[in-house]
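# A look at the structure
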Amino acid sequence: MLTRFLGTLLVAWLHILSNVTAKPTPDPCAAIANKKWVLPREARACMTFFPLDPLVKANIIEAVNKTLAFHTSSNYQIQAPAPYENDVHEDLAADLVRISEQTYSSDFDFHLDIYRSFKRVNDGHCGVYNLCYDSLYVTYLPIPLALLTTEAGSQDVYIAPEAFAVASAEFEDEIEFWQNALPGHLKGQLASLSGAKVVSINGNDPFVAVDANAKITGSYQSFATRQNSFFASYTRGADGWNYAMGNFAQQTHPLTDTVELTIQLANHTANETFVLPYRSRFGSNSKNFTDSTSYRANNCKATNKTNGKDLYTDIGSSQYLQTAPPIAYFQQQPLVGADEYRKEPMNVLLDGTPLSDISLPELLQPKVPALNQSYSVAQFYLLNDNITGVLALGSFSAKNFTAFGLSLLAGLQELKDSGATQLIVDVTNNGGGYICIAHWLHRIIIGPKETTIPQAGLDTTTRAGPLARLIVQAIADGGDPEELLSYNPIQWTNASHHPFPGSHNWLKPVHTTINGHDDAFSQRLGQECQPFRWDAPDHALFDPEKILIVSNGRCGSSCSLFSITMAKEDGVRTVVVGGKKNVPQQYCGTVGGQSTDFSMIDTEIKTTKLKNHELAPPDFLTNSVQGITWRLGFGIDNPETPEGMSHVPCLVIVPTMIAVI
């Protein structure tokens, strides 16, 4: 008895000791709180710290799945026709079934699976993003890469010649870390890597890494265009020229800790092999935290902007209309006026990494001064030959829609008055923007003709699912008296470009079969921008035969709308600068007809009192954003199929020459 009693006391004592000496699980988020720069593995430890809540999983899958009913490309993307048959073949509905049945080690891993599944449709309008994870920390290397060609014609991957100039300016507070991370005689000599030829990345030919990135980066159907995203480039921003680091040197998630490079320094013949660590910087839109609890509270929970509003009854709906939607952070365009988001239809690409605001080194900026009528993303130059005008157009959006449209006309007229007879439009890395700016620019350059009046863009259609039809019926029955909603018939014209009456139920389904799946779309919708807000000239400003549209292929949405109509309808020539030799290049990417997001669809549903319908998506519980292609543009070569699936080959490809750089 005594032995048993003593044994019990011993067990109790050991239990007490274990409770006293046991250390609580360290909080990985507290370890990096309030730090601007961290190791990727440290950021990853914080982000993967949280198990997946089954209720959250079910909520996200249901919301995303039901919103997909409004995405016009779903069935087309199950299997795209040539030339994209090997690039677009993703069944998102099947993906969501698989994801719902799969177990995940963390909430982050669950999100990453959805994120990448949507990326595989290679449609920059369609995606699922979460401010809890996407660009919470942006992960960098100080050595962006470039694909350069010698005068002899050989092409190789190089560390961009301007790499150190960019990195030392943008990462001034962290550059010493990378200087000290270099081994041996390279330590402290980061500048010497600029211009080095890259022999291998992680022991493989550099294009193994290029192609691996092309398989997951998304946004563009063309594999060649996705290859180009790996490399550094530039774009014209609202406040100046910006430098795009490329996907090797800038990544959305902290998934990569180091890279092993074998390089040949400029003017050397020997190879150098070393490992360089990535660093993760706190995102510009991320909310500060002190520990895991505040991290989740500040970054991961739905906000008052995540979900839509009933515009007639919800408290705060007027403020909702005057604030930028949550998707704005991921749109590849400069921020625009809050009221413009709801007022002017847009077609713009999304990405998990926000639009770059890294400054382009002055030595790479235009050497001739911009003309007086330049405004924001639209800069006008007259080259030294005094006959070649350049419009550098970084986006089809600017903060003030009206001022933007006026500036485009004034700038082109200033070029003409200065003697320009030929025009180069540089749309490198232009992610789209206002649809009617694309129509307007086409109209004023080409002049009044059958390709610009009454339709300077593309006819469109939207998906006519059961819930969408109920929304339109509710509006036709008087459910939108102030004409606030996008499904309101007063927003649209028919195939003959005549406006619909205010009480017209215009969404009668046109049934079709796509890739073996039954689908339904609206009748053909006509032009949506004319009469324009500005007076257009009664003549062409430039001869189409003397116009070039130039890019790196990364021109999408409204940029594609402009480029395709100019090229296919008016014979304007296109040029792609860069790209791998012997790989066919496309001069633009996803065109769509109009992009939108979950919060807009949810607002239409709530305002027409349909939120309790079984087909209505639930409110997101998380700080999530879902983008969709809401309207498809009809094709030019084949007017009965979407233009977004058409071939847009670029016949003139100009390599990026080492001598020029």
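Everything discussed here concerns the structure shown above.
Residues numbered from 1 in each chain as written. Predicted model: local features only at pLDDT ≥ 70, side-chain atom pairs only at ≥ 80, totals over all residues. Heavy atoms only, no water.

### Notes on the side chain of serine 376
Note the cut-off: Only DSSP runs of H or I with at least four residues qualify as helices, and only runs of E with at least two residues qualify as strands; both kinds are numbered from the N terminus onward. The contact criterion used throughout is that any non-hydrogen atoms of two residues lie within 4.5 Å.
In this structure, serine 376 sits in the loop between strand S13 (346–348) and strand S14 (378–382). Beyond its immediate sequence surroundings of up to four residues, serine 376 is in contact with Arg236, Gly237, Ala238 and Ala398.

### Here's the deal with the state of the cysteines
Formally: Our working definition of a disulfide is a cysteine sulfur pair at a distance within 2.5 Å. Exposure classes here rest on a 1.4 Å probe applied to the protein chains alone. A residue is buried below 20% of its type maximum, exposed above 50%, and partly exposed in between.
Throughout the structure, instances matching the rule amount to four disulfides. In this model, cysteine 29 is linked to cysteine 46 through a disulfide, with the two sulfur atoms separated by 2.1 Å. Since a negative S-S torsion denotes a left-handed disulfide, the cysteine 29-cysteine 46 link at about 95 degrees is right-handed. Placement of cysteine 29 in helix H2 (residues 28–32) and of cysteine 46 in helix H3 (residues 40–47) is noted, with a sequence separation of 17 residues between them. On the accessibility criterion, cysteine 46 (1% relative accessible area) is buried. Through a disulfide, cysteine 436 is tied to cysteine 529; the S-S separation comes to 2.1 Å. What sets the handedness of the cysteine 436 and cysteine 529 disulfide is the S-S torsion sign, and at about -85 degrees it is left-handed.

### Examining the packing of aromatic side chains
What counts is decided by this rule: To pair, rings of Phe, Tyr and Trp, with the six-membered ring standing in for Trp, must have centres within 6.5 Å; the planes then decide the type, stacked if under 30 degrees apart, edge-to-face if over 60, and tilted in the middle. Consider the ring centre and the ring normal. A charge sits over the ring if Lys NZ or Arg CZ is within 6 Å of that centre and within 35 degrees of that normal.
A complete count under the given rule lists 33 aromatic pairs for this structure. Between tyrosine 104 and phenylalanine 110 the ring centres are 5.6 Å apart and the planes differ by 70 degrees, which places this aromatic pair in the edge-to-face class. For tyrosine 104, a relative accessible area of 15% gives the class buried. You can call phenylalanine 110 buried: its relative accessible area is 1%. Plain terms: the ring middles of phenylalanine 230 and phenylalanine 231 are 5.5 Å apart, the flat faces sit at 85 degrees to each other, and that makes the pair edge-to-face. According to the relative accessible area criterion, phenylalanine 231 is buried, its value standing at 8%. Feature note: the residues Phe49, Phe50, Tyr137, Phe282, Phe289 and Tyr295 constitute an aromatic cluster, connected by ring pairs. Over the ring of phenylalanine 207 we find lysine 580; its NZ or CZ atom is 4.2 Å from the centre of that ring.

### With respect to the environment of asparagine 612
Summarising the element assignment, asparagine 612 is placed in the loop between helix H18 (598–607) and strand S24 (624–633). A residue is classified by how much of its surface remains accessible, and asparagine 612, at 80% relative accessible area, is exposed. Sequence separation of asparagine 612 and valine 38 is 574 residues, and the distance between their C-alpha atoms is 45 Å.

### Examining the nonpolar core
Which entries qualify depends on this criterion: As used in this record, nonpolar core signifies buried Ala, Val, Leu, Ile, Met, Phe, Trp, Tyr and Cys residues forming a set joined through side-chain atoms within 4.5 Å.
In this structure, Leu393, Leu408, Leu412, Leu441 and Ile445 are the most contacted members of the largest nonpolar core, which totals 60 residues. Of all the elements in the fold, those that place two or more residues in this core are S14, strand S15 (388–393), helix H14 (401–417), strand S16 (422–426), helix H15 (435–446), strand S21 (547–551) and helix H17 (558–570). Here the element with the most residues in this core is H15; it accounts for nine residues. Residues within four places of leucine 393 in sequence aside, it is in contact with Val377, Ala378, Phe404, Leu408, Asp426, Val427, Asn430 and Leu441. Grouped together as the second largest cluster of nonpolar side chains are 48 residues, Trp37, Leu141, Leu190 and Leu193 included.

### Considerations on the sheet that holds strand S3 (residues 137–140)
Short version of the rule: A pair of strands is treated as paired once DSSP finds two or more bridges between them.
As summarised here, the arrangement of the four strands in space is S1-S12-S3-S9, forming an open sheet in which the pairing is antiparallel. The sheet is open, and its two edges are formed by strand S1 (37–38) and strand S9 (250–251), each paired on a single side.

### Some points on the environment of methionine 47
Mapping methionine 47 onto the fold places it in helix H3. For methionine 47 and threonine 590, which are 543 residues apart along the polypeptide, the C-alpha to C-alpha distance reads 32 Å. With near-sequence residues (within four places) excluded, methionine 47 lies in contact with Phe108, Tyr133, Leu136, Pro254 and Tyr295.

### Points about H15
An α-helical segment advances 3.6 residues per turn. Residues three or four places apart therefore align on the same side. Convention followed: One fewer than the residue count of a helix, multiplied by 1.5 Å, yields its expected span.
Its 12 residues place the ends of H15 17 Å apart at the C-alpha level, agreeing with the 16 Å of an ideal helix rising 1.5 Å per residue. Across the 12 residues of H15, 12 count as buried, placing the element largely inside the fold. Within H15 the residues assigned to the buried category are Ile435, Cys436, Ile437, Ala438, His439, Trp440, Leu441, His442, Arg443, Ile444, Ile445 and Ile446. In the segment just after H15, glycine 447 is the residue with positive phi, at about 90 degrees.

By themselves these figures say nothing about function.
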